[in-house]
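Residue-level structural notes
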Amino acid sequence: MFEAFTSLLSTLAPALGLPEITLREEDPSCLLVIDDFEVSLRYLPGSDTVMMFTVVAPLPEKGRNELFASLLDANTFFHGTQGFTLAAREDTGVTLQGVMSMRVLDSANMPVWLQNFVNIAEEWQERCLKYEGKAEEGASESFSQSMLRV
């Protein structure tokens, strides 16, 4: 199936208007830059699947609880992610992942899957970046309400 993965990547490059996609020598993966996102495509040989991964946004200093709740809600039945999965970690920030069997990927649907992935990443990047501002506004309002008047 590794040969099928490399063949799939060779058809993906022209479909996306990219130069030839080359795999890393140490593992079956590549890194693509699409709409300012670094998208990692990795072949997982044990399961004959392809995994996509990108960092969507850093974790905000404030408003994390609201962001985490939003991410959990979006992942429920994938209603806010179109089948992809959002995650959050201190070291990577908010990430988006997707996994698809090599048996269903071909030169026609691979670019569509990748474009949907980038579209969801863009949507969530915009949402994530708004949480910092919302938290700061809420913090200043609660501070002014807690002041003692004499």
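Rules used throughout
- Residues numbered from 1 in each chain as written.
- Predicted model: local features only at pLDDT ≥ 70, side-chain atom pairs only at ≥ 80, totals over all residues.
- Heavy atoms only, no water.
- Helix = DSSP H or I, 4+ residues; strand = E, 2+ residues; numbered from the N terminus.
- Buried < 20%, exposed > 50% of the residue type's maximum accessible area, 1.4 Å probe, protein only.
- Contact = heavy atoms within 4.5 Å.
- Areas by Shrake-Rupley, 256 points an atom, 1.4 Å probe, with all protein chains shown as cover.
- Polar contact = N/O pair within 3.5 Å; in protein donor to acceptor, adjacent residues only side chain to side chain.
- Core = buried A, V, L, I, M, F, W, Y, C linked by side-chain atoms within 4.5 Å.
- Pairing = 2+ DSSP bridges.
- Expected span 1.5 Å × (residues − 1).
- Arc of directions from axis to C-beta.

Overview of the overall build of the chain
Across its full length, the chain holds three helices and five strands. Start at the N end of the chain and walk to the C end: the helices and strands fall as α-β-β-β-α-β-β-α. In the chain, which comprises 150 residues, the share counted as buried stands at 37%. Long-range contacts, defined here as pairs at least 24 residues apart, represent 56% of the contacts in the chain between residues at least 6 apart. With an accessible surface of roughly 9000 Å², the chain has 54% of that area assigned to carbon and sulfur atoms.

With respect to the side chain of threonine 95
For threonine 95, the position within the fold is in strand 5 (residues 93-101). By relative accessible area, threonine 95 is classed as buried at 4%. Here the side chain of threonine 95 touches glutamine 97 through a polar contact of 2.5 Å, side chain to side chain. Here threonine 95 is in contact with Phe53, Thr54, Val55, Val56, Thr85, Leu86 and Ala87, once residues within four sequence places are set aside.

With respect to the nonpolar core
Counting 37 residues, the largest nonpolar core has Leu12, Leu32, Leu41, Met52, Val94 and Leu96 as the members making the most contacts within it. Every element with two or more residues in this core is listed here: helix 1 (2-16), strand 1 (29-34), strand 2 (37-44), strand 3 (49-57), helix 2 (64-75), strand 5 and helix 3 (110-145). When residues in this core are grouped by element, the largest group, ten residues, is from helix 3. Residue contacts for valine 94: discarding those within four places in its chain leaves Thr54, Val55, Val56, Ala57, Leu59, Leu67, Leu71, Leu86, Ala87, Ala88 and Cys128.

Details of the pairing of strand 1
As paired elements, strand 1 and strand 2 share six bridges and run antiparallel to each other. Within the sheet, the bridge partner assigned to leucine 31 lies in strand 2 and is serine 40. Taking the residues between adjacent antiparallel strands as the criterion, strand 1 and strand 2 are bridged by two residues, where aspartate 35 takes a positive phi near 50°.

Side note on the environment of valine 39
Its place among the elements puts valine 39 in strand 2. Linking valine 39 and methionine 52, residues 13 residues apart in sequence, is a C-alpha distance of 6.6 Å. Among all residues touching valine 39, those that are not within four sequence positions of it are Cys30, Leu31, Leu32, Met52, Phe53, Thr54, Leu114, Phe117 and Val118.

Some remarks on the side chain of asparagine 75
You can see asparagine 75 is positioned in helix 2. On the accessibility criterion, asparagine 75 (19% relative accessible area) is buried. Setting aside its immediate chain neighbours within four residues, asparagine 75 contacts Thr81, Phe84, Thr85 and Leu86.

Some thoughts on helix 2
Taking 1.5 Å as the rise per residue, helix 2 with twelve residues should run 16 Å; its terminal C-alpha atoms sit 16 Å apart, in good agreement. Looking only at helix 2, the buried set comprises Arg64, Leu67, Ser70, Leu71, Ala74 and Asn75. All buried residues of helix 2 lie within an arc of 130° about the axis, which places them on one face of the element. Opposite the buried face of helix 2, at more than 90 degrees from it, the exposed residues are Asn65 and Leu72.

Structural notes on the pairing of strand 2
For strand 2 and strand 3, the ladder comprises five bridges, and the chain directions are antiparallel. Bridge pairing in strand 3 links leucine 41 to methionine 52.

Let's talk about unusual backbone geometry
The phi angle at aspartate 35 is positive, at roughly 50°, despite the residue not being glycine. Take aspartate 35: it is sitting in the loop between strand 1 and strand 2. Its relative accessible area of 43% is what places aspartate 35 among the partly exposed residues. Positive phi outside glycine occurs at aspartate 36, with the angle close to 70°. Along the chain, aspartate 36 turns up in the loop between strand 1 and strand 2.

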